[in-house]
Amino acid sequence: MGGLERLRLLLDTHIILWSAAEPHNLKKKIKEALENNSNELWFSPISVWEIVILAEKGRITLGSDIEKAVRDIFHHMPFKEATINQEVAIQSRLVKLPHQDPADRFLAATAVVYDLTLVTADTRIISADAVAVLPAV
């Protein structure tokens, strides 16, 4: 991550949550990349879905109005949306991951289709072929 290099970063669900609520969980290099105004920050709707599911299952606490809390997270962060389109759906089946988790497959496929660097702490994704990754571990 050299001086003027502009990165296009797709944040996975945990990185989004840590950025919003627990920035102390972010590694220094990730925090710097997220705070660098020349970098573009992207999200996938699959992360929105995953955050809602985590809240509904009680694995994260967002208050009584989960939908409003999720909207607030994305409203206050300078994200661009990488929509799930037919190419992302097709690539989700082609991307080489050591597991079949649909959310991970869609995130990896989104990174490939939109030519983004996936920011993740998931060691199963970090080793994926053809996916540019900025490891958060």
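It should be noted that the structure appears before, not after, this text.
This is a predicted model, so every value here is computed, not measured.

Student: Got a minute to help me understand the side chain of E50 in this structure?
Tutor: Its location among the elements puts E50 in helix 3 (residues 45-56). One buried charged residue, E50, remains without a salt bridge, the closest side chain of opposite sign being R59 at 7.1 Å. Leave out the neighbours within four places in its chain, and E50 touches T13 and A103.

Student: I'm lost on the pattern of salt bridges in this one. Help?
Tutor: A side chain of one charge can pair with a side chain of the opposite charge when the charged atoms of the two come close. Under the criterion given, the structure shown has 7 salt bridges. The salt bridge involving E40 is made with K80; its shortest N-O contact spans 3.6 Å. Within this pair, whereas E40 is found in strand 2 (residues 40-43), its partner K80 is found in strand 3 (residues 79-81), the two being separated by 40 residues in sequence. The buried category is assigned to E40, whose relative accessible area is 13%. With relative accessibility at 39%, the residue K80 sits in the partly exposed group. For R124, the salt bridge identified is with D104, shortest N-O distance 3.0 Å. You can see R124 sitting in helix 7 (residues 123-126) and its partner D104 sitting in helix 6 (residues 102-114), a full 20 residues away along the chain.

Student: Looking at this structure, I do not really get unusual backbone geometry. What am I missing?
Tutor: Here D115, not a glycine, exhibits a phi torsion of approximately 55°, which is positive. Along the chain, D115 turns up in the loop between helix 6 and strand 4 (117-120).

Student: Looking at this model, I keep getting lost on the side chain of Q91. Mind explaining?
Tutor: With respect to the helices, strands and loops of the structure, Q91 is situated in helix 5 (residues 86-94). We classify Q91 as buried; its relative accessible area is 19%. Not counting the four nearest positions on each side in its chain, Q91 is found in contact with A109, V112 and V113.

Student: Any chance you could explain the pairing of strand 1 (residues 8-11) here in plain terms?
Tutor: On a regular strand, one side chain projects to one face of the sheet and the next to the other, so that they alternate. The pairing of strand 1 with strand 2 spans 3 bridges and is classified as parallel. Across the sheet, L9 pairs through a bridge with L41, a residue of strand 2. The pairing of strand 1 with strand 4 spans 3 bridges and is parallel. Looking at strand 4, one finds that L10 is bridged to L118.

Student: How do you make sense of helix 6 when you look at a structure like this?
Tutor: Each α-helix winds once per 3.6 residues, and so residues spaced three or four apart point in a common direction. Between the first and last C-alpha of helix 6 there are 18 Å, a value that for 13 residues agrees with the 18 Å anticipated at 1.5 Å per step. For helix 6, the set of buried residues is A103, D104, R105, L107, A108, A109, T110, A111 and Y114. N-cap assignment for helix 6: the residue whose side-chain oxygen lies 2.9 Å from the backbone N of A103 is D101. The first or second residue beyond helix 6 is D115, which carries a positive phi of 55°.

Student: How should I be thinking about the packing of helix 3 against helix 6 in this particular structure?
Tutor: Put simply, helix 3 and helix 6 touch, their axes get as near as 9 Å, and they point 155° apart. Between helix 3 and helix 6, the angle is such that the two are roughly antiparallel. Every pair of crossing elements has a handedness; the one defined by helix 3 and helix 6 is left-handed. Contacts between helix 3 and helix 6 pair I46, S47, W49 and E50 from the former with A103, F106 and L107 from the latter. Its residues placed into classes, the contact of helix 3 with helix 6 shows 5 nonpolar, 1 polar and 1 charged.

Cut-offs and rules
- Residues numbered from 1 in each chain as written.
- Predicted model: local features only at pLDDT ≥ 70, side-chain atom pairs only at ≥ 80, totals over all residues.
- Heavy atoms only, no water.
- Helix = DSSP H or I, 4+ residues; strand = E, 2+ residues; numbered from the N terminus.
- Buried < 20%, exposed > 50% of the residue type's maximum accessible area, 1.4 Å probe, protein only.
- Lys, Arg positive; Asp, Glu negative; His and termini not counted.
- Salt bridge = Lys/Arg side-chain N within 4 Å of Asp/Glu carboxyl O.
- Contact = heavy atoms within 4.5 Å.
- Pairing = 2+ DSSP bridges.
- Expected span 1.5 Å × (residues − 1).
- Polar contact = N/O pair within 3.5 Å; in protein donor to acceptor, adjacent residues only side chain to side chain.
- Axes fitted to C-alpha atoms, helices over the stretch in contact; angles between N-to-C directions.
- Parallel < 35°, antiparallel > 145°, perpendicular 65-115°, else oblique.
- Left-handed = near helix turned anticlockwise from the far one by under 90°.
- Nonpolar A, V, L, I, M, F, W, Y, C, P; charged D, E, K, R; others polar.

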